[in-house]
Every structure is written in C-alpha cells, then in structure tokens.
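Each chain, letter by letter, is given below.
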Amino acid sequence: MRPHVVHDKLRHNLLGGGARFVCDRPWVVLLAAGLLAAASVGLTVARLGFDADRNDLISASLDWNKKYIEYRRQFSGYDSIAIVVRVPGGEDGRSKAEDFVRATVAKLEHHESAIRRVWWGYDPRQMSPILLRLDPMDSFKTHLAEMSQAGPMLKARNFGDLLSALPAALQSQSKDTTADQAVEMIAQFGTLLDGITQVLEGADAGSTAAAFDLSGQSDWQFLDSDDHQLLFIEIEGEPSTDSVDQFEPAVRLARASLESTMKQMPGIDAGLTGVPVIEADETNMSMRDSTWCSIISVVGIAVLLIVAFHSFSIPLIMVGALMVGVMWSFGYLTLAIGHLQVLSVVFTVILLGLGIDFGIHIVSHFELIRPNHAEGIAGFRQTMIDTIQTTGPGIITGAITTALAFGTTLLTDFTGMAEMGNIAAVGVMLCMLAMLTVMPALLRLCRPQLRHNPSAEGRLIDMHRQGWIMQLIHRPVITCLVAGAIVALSFVGMARVRYDNNLMNLLPEGLASVRWQQRVLDHSAQSLLYGVSITDSLDVAKRRAEQFRQLPSVASVGGVGLMFPADEDEKVALIEETRKQIAPLLDSPVTPEAIDAGGLAQRLTGLNLVLSIALNRDDVKAEPKVHEALSQLFDKVRRIQEVLADAKFKEHASERMAALHGLFVSLQTKLRWQIDQSLLTRPLRVDDLPALMRREVVSIVKPVRYQLKVYPKANVWDPGAMKPYIEEVRSVDGNFTGSPVQIYESGLLMQWSYQKAGALALIAVLIVAYLDFLRLVDALLCLLPVSVAFVLTFAMMWLFDVTINPANIIVLPLMFGIGVASGVHIMHRYRQNPRRRPAGLSQGTGKGIILTSGTTILAFASMLFAEHRGIRSLGFVLAVGISMTLIVCMTIMPAVLELRNRIHVWRRLRQWRRAQDGQSK
C-alpha cells in the first residue's frame, strides 16, 4: 500500500473516532470544555496584566535597543509631552501668551501621580553669573556693555556719589542706545530709587537688597521657538502600567489642563505634541477604530451566516463554540506570556475572523449530506462522522498553516509582533479544536429532534451556483492562458509598488498632535526630538559637541553641549577685553562712606534740576517712551525728597540713613561679585547650572554620565530623511541612541522582520502541505491560489496607489497562512473524488470556501471605515488579497485541476493504446 494511502486512512480513522466520541458523549465534552474555559477566564482575570511600554515591543537583545534601555535607566525626561502656545498678534500678544502659559502650568503642578516635572522656562537671576556666555551673542554683548558702564556704581562711596554721577551716566549711555534700551536703562535707575525710598520709609535693608537684580536679566525666560512665535511647556510624564499607553494618563491630564485654560482665556491657539502624545493619540484612535470595525464585522458576518444557512441557531452555535476557543486562548496567553500589549490586544478580532471559518466548513458539508442519512441520533452521528472525516483533514491542515504563518514572527526580533504571533498561532489551533469538539456537541444537544435540515437546493439564496464555473472548466486551456496573461501583466504593477516606512503617513489626516509638531518645525531650526550621545568625560563631551555641530544634518547640540557653545572662544576673548577695561575698579575697590540726610537731599536737588531740563529738550520730547520714563524717574526723585522732609523720617533719621548705607554696601558688593563672576574665563562646570538644567545634563544614577542632545534638521519620522543624520552622528559616536534612532531602527526592523516572516511562512506552508498530501505536485497546487492572488493584490495596490507600509506589511506572512487554507480544502476534495465537477469544489467545499472567504473579507473590509490610515491600508490589502484568492479558487484552480484530469486521462488512454498495440503485435 502506498504511503499516502496509509497516511490518509490513519487520519480518516482518527477523525471518525473523535467525531463518534463527541456525538455519543456530548455532555462529557461540554463539561470538560466548560471547566477548562472557566479556569481560563478565572486565571485571566487574576493574573493577566498589560505592558504599556512600547519599547518592550522590541527585543532587548538588539544592540541599538540595549543602548536605549540603558539610556532610559540613566536619565530622566527622555520622552517629553510638549504644550505649544502660539503668540497672537498685537502689542500685548506676547504677554497674553505668557499669561496663558502661567495659567496652564498652575493647573499641572499639583498632579504628581501622573506628572514628574513641568518645565516652562527659567529665572536667569537664579543662575550663576558665569553662565552669561550661554546667551546669544547679541544679548551677551549687551550685558558686557552694561558691565563696562557700571563704573559710577563701582566708584561711588555712597548713594550721594551715585546720584551725582547719574546725569553724566545717562548722557553717555544715551548716545549709543536705542529708545527701548534707554527706557530699560532708566527703569533700572528707577528701581534703585524705589529701593532707596523703601529703606528711608523704614523697610529692612537686607530684604530690600536681596530683592534687587543687578544682572540686567529679565525676571523670567520662557521656553520659546527660534522666532519667538511659539512658547513651550515641557512635561515629563509618570509612566503608567494600568493603561494601554504608558503615558496616556499624563497626556490626558495635560490635554484637560490645556482645554480648561483655553476656555478661561479664549483667543489663544495652543496644542499638544511630542512622541508620547502622538503615540497616545494613535493608540486611542486604533482602539476606537478596532472597536467599531469589530462591531461592523460581527454584524456583517452574522447577517452573512444567517442568510447562508437560513438559520439563527446554527450561527449562534458556531459563535458559542468559537467563544470557548477564545477563552482557552486567553488562558494560554496568561500562562505563556502573562500580559497584553498594544499589538497583541487585537488578537481576539483575529481569532473571531479566522476561527469561524472552521465551523463554516463543517456546517456547510453537514447540511449538504444530512438528507443522505436516517433521522434520529444514529443518522446524526453518521452524518457528523462523515462530515468530520471529509472536512477535518482540510481544517487541520488549514489551521496548521495559518498558525505557522503567525508562528514565523517568533523568529524575528520584533517582540511585540512575536507575542501577538504566538498568541494568534496557538489561538487558531485552540479555536479549531473547539470547532471539532464543542460545536458538534452543541449541535447534538440543541437539535433534540435530529431531523433532516431543509434541503439547500430549494433555497432562494444559494452561495455556490456552479453554472458559471462549469463554463470555465469546459475550456480549461483558454482559462489558464487568459489567467497567465493577467498574472504576467500584474507583475508589472507589482514591481512598481513602493515601500513607505514613514510612520506619520499611517496616522489620520489632520491629527492635532502631528499638526503641532509640524508647526514647531516651521518656527524652529530643530525638532522637539533629539538623539543622545552619552559620555563620562566633559572633555570628550566638548570634543563631540564640536564635531556634531560640523555635521550638515545636525541643527544644534543641547544637554551638556550647552556648556560648550560654538562661539565660546570668541566670547572668552570679549570677556578678557571687558575685564581689562574695568580691572582697576574690580581690583581696587573704594571704601564706602556714610552720607547724612542733608547731603542726600542736596544731591537729589541737583538730579531733579537735571531731569527737569532733560524733560524740556526737543530730542527727548521726540521719543514719547523715553520722555515717559524720565517723567517717572523725576517723580521718584520727588518722592524721596518728600520722605526726607517728612516728620516721621526725621524722628528715625540716623538709623534709617545707616540702613541706607547698608543697602548701598550690599548692592555694591553684590554688583562687584556678579561682574567678577560673569567675567571669569575658566571652563564651565556642571555645578554652575541650576538644578533644573542639571537634570537635562547629568544622569540620575551613579556613576555620573553626561548626555549630549543632538537635534536633527530632518523630520525624525521620515526614515529616508533620517538616514544621513543617523549615519553622520554614528561616525562621531558609535553608541549614539535616542528617539530618532529608535524610530529609524524599529522601522528597518519591522520591514526586515515581515520579509523574513513572509519567506518563512511560504516555506513552512509548503512543508506542511507536502506532509499532508505526501506529493510535491499537490502541495504546490495548494499554494497556487494564494501565490497568484499575491501578485494580483500587489497589482491592485499599485493601481489604487496604496503603498506597502509598517501596518500592512503583515500581509506577507498572513496571506500565505490564511489564503492557503482554501487551496488545501480544494485539494482534499479533489483527492477524495477527482471526477466530481467542478473539480475540488464539490460536496459543499465551494460554498464553504465562499463563506469562509466572505467572513474574512468582511472582517478586514470593516477596517476601511477606520480613521487610522495604517489600519485602513491593512484592511484594504487583506480584503483585496482574500478576494483575489477566492476568485482564483473559483476560476483558475478548478480549471487547472480539470486540465490535470484531462492530461491524466490522456496518459491513461495512451498507455491503453500502447498496450493494445502490443497485444495485436
């Protein structure tokens, strides 16, 4: 006996014995299945978790991912949420935007459970004066000029000397300053007069001196864009383990705070962006799309099954058995993996779409042959045995090939997809087992009459009318030649389909977080995202910063690179020059001398006279802002004179004049120290940075590491544009890491993983088909429908301008796994009865393939309603792919098998003629 005959007979007997056991002991089967399902549900509820960290979707053994994981362990703030505020037009536009930022920050700072840190600017007065060299060159030179003109304060022995020198200082500085600069300078003198007034009125000299800022810096520096048209709030979220996306709580809180402020302060345009925001938006939209697509597909499949079987109970029985298989799958998931993640969370939808196919093949054949057997339990049993023996081999092989297609992802480094492939592969096998056991048991119990089903022949709607197929079978050569020509033309379109690995092109058009990211790029020379170079040496950091700045693809260098500005040498030279100019004042300080009230009043009278004259000058009147500032200064002088003349002051004149002298000494000492520190030429140290900025530079764990933030000019989401950036920065630091590297490398990994999985799936499916049929020709014929459909699908993608992308590239392994099942069923039916027409589609197989393909097409076509462009493209490709497979199964495959029959008959006839000729001779 031939090996394949023994193989088929053994399988036939095993399937028949299993079906007989289920029909004779349905309650035993259902009790065992129910207990296992209940245990699976209980285990799932108790132990199944959710892994929200998207970085866990990638294998931790990959070198580039190891570096990123270590970077995240060492530093904080690696993924920041950014609130972007557009500065409105008008004179007060900037102040409105700043007030908006302050109001939003106030709402954010009291939510430590979801937010670690909020950074929206810094107070320059709290920074070490030596950090002056980090200012832009224009601002740096302005501050140096102010130091050069600090002579009156440094040479004065008391406020009397300073007031006497004030007119000359104003006169000399006004020559080289603009109106705005003059107003700012006058305001500084006004602040000094306010301090004098406060002390003379009895205020504490120490607290008054502490409140003074002599650095020339503004009170607060907001984080803004290069053109100052956007303000930023950077938020470091607290990762959550309870959400589908780990930063979703922080994003939700940031969005709620922003919307609340926008309601309170209308007229300000603001939004959220950053990797966590884009990922959270994508996750929420994907979940919403998946939910609606599932509802649409379930309704569509239910309607299709009800129409096809003219029954409500049979579809319910099929779904009930399928749900048992899904419960078993959850139990396996909990034991084998222990968690879901953003990719594997959709495995239930996959099982619903694929698992129902097994039941359709069984029921399609069962209702076709049920009238051939007696009514009652005995007839039901024999019908089910014949059904399982006939459809079982195809179902098992189809399930194995589909499972292997998913299982090929286990051989890739894409952990997220490998986990989903693992769950889906085992889940498909468990759903197949449920359909072969639970569904027959339910049919046995739910049909106590066990009478014949209504004949399918008399139904109004028939899912498989064979007339048109027979027309193609009668002319198999013509059918094959036409099909060959179409496939040849399709290769042209297939070759032109391009791969687009830009993740931004998968998101819905007009997504707010993406739009705001583009606005940031429009207003700044750099992205919000950055790559990272880590070192334990400041000398190495300085050298790398210089090298990075020379790269064409780099916009700027931050982090510890801020301590080594590109123009540092020029600034140090200017500092040395300024120090030489005022060295005598710094190195030989004057001795302060007290002044009495009378002397101070005399100096004030002189200053008052000078200001009166200045206010009446035509050049001053021509500058309204300057005139107003001098008027306010004049009023402040008059106010001091009034205080000196007040009786209350005279009662405490001596002690208040002593306090005023203390104020002068404190301010002069403070100014001298600030100038001295600002003019230091030593290298900057990390300790010079304020605590908030040190978080951006120094690691949070020991030993100490420093990070250089290297901002790219290109859009980090476009791998093509990012390639030069990645290659250039790696030429400086081979261990370079960060978000751009992760985005770039994961895109390449995804592309390679699916290509590898597709090739492995093809090989695995061929091997399984060969083991099933033990004939290479039959195994290759099983792959004919899906192989032809694969070419036709890519041609359709080119025709409708659909690219291959990271979302739909999963079609490579899935089409071979899902599509080959139809070819397997056709070959099994053909081998069981080669002479039945249409070849391979007789005895309910054609109807079963149409229904299973229809349910799968409906499931995937429902994705066309998704807003997420990646999900939409996946739905298009798989729906078209299964549709093409169905068309090939209904046209080309039976024609090829018919041609094979004719060739076989021709060979037999030829052999018979030869035998006859031999006998006649």
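This report concerns the structure included in the present document. Quick caveat: nothing in here was measured; it's all calculated off a predicted structure. (Residues numbered from 1 in each chain as written. Predicted model: local features only at pLDDT ≥ 70, side-chain atom pairs only at ≥ 80, totals over all residues. Heavy atoms only, no water.)

**Focus on the overall build of the protein**
And then number 1: In terms of helices and strands, the protein carries 33 helices and twelve strands.
And then number 2: For a compact globule of 921 residues, the expected C-alpha radius of gyration is about 29 Å, and the protein comes in at 40 Å, more than 25% above that figure.
And then number 3: Referenced to the eigenvectors of the C-alpha coordinate spread, the extents of the protein come out at roughly 145 × 60 × 50 Å.
And then number 4: In the protein, of all internal contacts separated by at least 6 residues, the share reaching a separation of at least 24 is 81%.
And then number 5: Of the roughly 40800 Å² of accessible surface on the protein, a fraction of 58% belongs to carbon and sulfur atoms. (Helix = DSSP H or I, 4+ residues; strand = E, 2+ residues; numbered from the N terminus. Rg over C-alpha atoms; globule rule 2.2 N^0.38 Å. Contact = heavy atoms within 4.5 Å. Areas by Shrake-Rupley, 256 points an atom, 1.4 Å probe, with all protein chains shown as cover.)

**A look at helix 21 (residues 597-615)**
And then number 1: With 19 residues, helix 21 should reach 27 Å at 1.5 Å per residue; the first-to-last C-alpha distance of 27 Å fits that figure.
And then number 2: Buried within helix 21 are the following residues: Gly599, Leu600, Leu604, Leu607, Asn608, Leu611, Ala614 and Leu615. (Expected span 1.5 Å × (residues − 1). Buried < 20%, exposed > 50% of the residue type's maximum accessible area, 1.4 Å probe, protein only.)

**Looking at the environment of Met417**
And then number 1: Structurally, the position occupied by Met417 is in helix 15 (residues 415-446).
And then number 2: Residues Met417 and Asp733, spaced 316 residues apart in sequence, show a C-alpha to C-alpha distance of 30 Å.

**Observations concerning the packing of aromatic side chains**
The way to describe two aromatic rings as a pair is by their centre distance and the angle between their planes.
And then number 1: Tallying each qualifying case throughout the model produces ten aromatic pairs.
And then number 2: Ring geometry for Tyr68 and Tyr71: centres 6.0 Å apart, planes at 45°, overall tilted. Taken together, the residues Tyr68 and Tyr71, both in helix 3 (residues 63-74) and three residues apart, mark about one turn of the helix.
And then number 3: The class of Tyr71 is buried, set by a relative accessible area of 1%.
And then number 4: Each member of the aromatic cluster is reached from another via a ring pair, and the members are Tyr68, Tyr71 and Phe75. (Phe/Tyr/Trp six-rings, centres within 6.5 Å; stacked < 30°, edge-to-face > 60°.)

**With respect to unusual backbone geometry**
And then number 1: Residue Pro703 is bonded to the preceding Lys702 through a cis peptide linkage, with omega at -5°.
And then number 2: Its place among the elements puts Pro703 in the loop between helix 26 (691-694) and strand 11 (706-712).
And then number 3: Positioned with a positive phi, His228 is a non-glycine residue whose angle comes to about 65°.
And then number 4: Among the structural elements, His228 can be located in the loop between strand 5 (221-222) and strand 6 (230-237).
And then number 5: Positioned with a positive phi, Leu774 is a non-glycine residue whose angle comes to about 55°.

**Notes on the pattern of salt bridges**
Here the idea is simple: oppositely charged side chains can pair when their charged atoms come close.
And then number 1: Within this structure, the stated rule accounts for 30 salt bridges.
And then number 2: The residue Arg603 makes a salt bridge to Asp161 at a minimum N-O spacing of 3.4 Å. With Arg603 in helix 21 and Asp161 in helix 7 (residues 159-174), the pair connects residues that are 442 residues apart, well separated along the chain.
And then number 3: Looking at Asp161, the relative accessible area reads 18%, which means it is buried.
And then number 4: Here Arg288 and Glu867 are joined by a salt bridge, their closest N and O atoms 3.8 Å apart. Of this pair, Arg288 sits in helix 11 (residues 275-309) while Glu867 is found in the loop between helix 31 (845-861) and helix 32 (869-890), placing the two residues 579 residues apart along the sequence. (Salt bridge = Lys/Arg side-chain N within 4 Å of Asp/Glu carboxyl O.)

**Here's the deal with a nonpolar patch on the surface**
And then number 1: A cluster of nonpolar residues, Trp292, Ile295, Ile296, Val299, Val303, Leu864 and Phe865, forms a patch on the protein surface that exposes about 700 Å² of accessible area.
And then number 2: One can find Ile295 in helix 11. (Patch = residues over 30% accessible without salt bridge, like charges linked within 9 Å, V, L, I, M, F, W, Y side chains within 5 Å.)

**Comments concerning empty space enclosed by the protein**
And then number 1: One pass over the structure, following the stated rule, counts eight cavities of 30 Å³ or more.
And then number 2: Approximately 220 Å³ is the volume found for the second largest cavity.
And then number 3: Around the second largest cavity, the lining is made up of 19 residues, and of these Asp357, Ile818, Ala821, Ser822 and Thr852 lie nearest the centre.
And then number 4: Contributions of two or more residues to the lining of the second largest cavity are made by helix 13 (347-369), helix 14 (377-407), helix 30 (811-832), helix 31 and helix 32.
And then number 5: When residues of the lining of the second largest cavity are assigned to their parent elements, the largest contribution, six residues, is made by helix 30.
And then number 6: Partitioning the lining of the second largest cavity into residue classes produces six nonpolar, twelve polar and one charged. (1 Å grid on protein atoms, 1.4 Å probe; cavity = no way out; pocket = protein on both sides within 12 Å on 5 of 7 lines; lining within 4 Å. Points joined across faces, edges and corners; volume = space filled by probe spheres on them. Nonpolar A, V, L, I, M, F, W, Y, C, P; charged D, E, K, R; others polar.)

**A short note on the packing of helix 8 (residues 179-200) against helix 23 (residues 624-645)**
And then number 1: Two numbers describe how helix 8 lies on helix 23: the axes approach to 9 Å, and their chain directions differ by 10°. Put simply, helix 8 runs roughly parallel to helix 23. Two packed elements cross with a definite hand, and for helix 8 against helix 23 that hand is left-handed. (Axes fitted to C-alpha atoms, helices over the stretch in contact; angles between N-to-C directions. Parallel < 35°, antiparallel > 145°, perpendicular 65-115°, else oblique. Left-handed = near helix turned anticlockwise from the far one by under 90°.)

**Quick look at the layout of surface pockets**
And then number 1: Within this model, the second largest pocket holds a volume of roughly 580 Å³.
And then number 2: Only helix 1 (3-24), helix 14, helix 30 and helix 33 (892-920) provide two or more residues apiece to the lining of the second largest pocket.
And then number 3: Residue composition of the lining of the second largest pocket, by class: five nonpolar, seven polar and ten charged.

**What about the environment of Leu660?**
And then number 1: Checked against the element boundaries, Leu660 lands in helix 25 (residues 653-678).
And then number 2: In this structure Leu660 comes out as buried when scored by relative accessible area, which is 2%.
And then number 3: Each C-alpha atom, one on Leu660 and one on Leu562, is 40 Å from the other, the two residues being 98 residues apart in sequence.
And then number 4: Discounting residues that sit within four places of it in the chain, Leu660 has contacts with Phe159, Ile196, Val199, Leu200 and Leu600.

**Notes on the pairing of strand 6**
And then number 1: Within strand 6, seven of the eight residues are buried, which leaves the element mostly enclosed by the surrounding structure.
And then number 2: Note that strand 3 (residues 115-119) and strand 6 share four bridges and pair antiparallel. Its bridge partner lying in strand 6, Trp119 is registered against Glu234. (Pairing = 2+ DSSP bridges.)

**Considerations on the environment of Ile575**
And then number 1: As for its placement among the helices and strands, Ile575 is situated in helix 20 (residues 568-587).
And then number 2: Taking the C-alpha atoms as reference, Ile575 lies 84 Å from Ile360; in sequence the two are 215 residues apart.

**A look at helix 2 (residues 26-47)**
And then number 1: End to end, helix 2 covers 31 Å across 22 residues, agreeing with the expected 32 Å (1.5 Å per residue, within 8%).
And then number 2: All of the buried residues in helix 2 are Pro26, Val29, Leu30, Ala33, Ala37, Ser40 and Thr44. Buried positions in helix 2, seen along its axis, are confined to an arc of 95° and lie on one side of it. Along helix 2, exposed side chains directed more than 90 degrees from the buried face belong to Trp27, Leu31, Leu35, Ala46 and Arg47. (Arc of directions from axis to C-beta.)

**Comments concerning the sheet that holds strand 9 (residues 531-535)**
And then number 1: Strand order across the open sheet formed by four strands is 10-11-9-12, with antiparallel pairing between neighbours. The open sheet is flanked by strand 10 (554-559) and strand 12 (737-738), the only strands paired with a single partner.

**Regarding the nonpolar core**
Nonpolar side chains in soluble globular proteins tend to be buried together.
And then number 1: Met318, Phe406 and Val438 are the most contacted members of the largest nonpolar core, which has 124 residues in total.
And then number 2: If one sorts the elements of this core by residue count, helix 15 sits on top with 17 residues.
And then number 3: Apart from the residues lying within four places of it in its own chain, the contact partners of Met318 are Leu305, Phe309, Ile356, Gly359, Ile360, Val363, Met435 and Met439.
And then number 4: Core analysis: the second largest hydrophobic core is formed by 55 residues, Phe140, Leu163, Leu615 and Leu663 among them. (Core = buried A, V, L, I, M, F, W, Y, C linked by side-chain atoms within 4.5 Å.)

**What about the side chain of His868?**
And then number 1: Here His868 lies in the loop between helix 31 and helix 32.
And then number 2: Looking at His868, its side chain comes within polar contact range of the main-chain nitrogen of Gly870, at 3.0 Å.
And then number 3: Discounting chain neighbours no more than four positions away, the residues touching His868 are Glu282, Met285, Ser286, Asp289, Leu506, Leu507 and Pro508. (Polar contact = N/O pair within 3.5 Å; in protein donor to acceptor, adjacent residues only side chain to side chain.)

**Brief notes about the sheet that holds strand 6**
And then number 1: Taken together, four strands build an open sheet; the order of strands is 3-6-2-7 and the sheet is antiparallel. Every other strand in the sheet has two partners, leaving strand 3 and strand 7 (270-273) as the edge strands with one partner each. Across the sheet, the mean angle separating the axes of adjacent strands is 20° when strand polarity is ignored.
And then number 2: Relative to strand 2 (residues 80-86), helix 11 is tilted by about 100°, and along the sheet it contacts strand 2 and strand 7.
And then number 3: Contacts from helix 18 (residues 512-523) reach strand 2, strand 6 and strand 7, with the element oriented near 100° to strand 7.

**Topic: the state of the cysteines**
And then number 1: On inspection of all chains with the given rule, the structure shows zero disulfides.
And then number 2: Cys431 carries a free sulfur, and the closest cysteine sulfur to it, the one in Cys446, is 19 Å from it.
And then number 3: Exposure remark for Cys431: the relative accessible area of 0% places this residue in the buried category.
And then number 4: Between Cys480, a free cysteine, and Cys889, which holds the nearest cysteine sulfur, the sulfur-to-sulfur gap is 14 Å.
And then number 5: Since its relative accessible area comes to 23%, Cys480 is described here as partly exposed. (Disulfide = S-S within 2.5 Å.)

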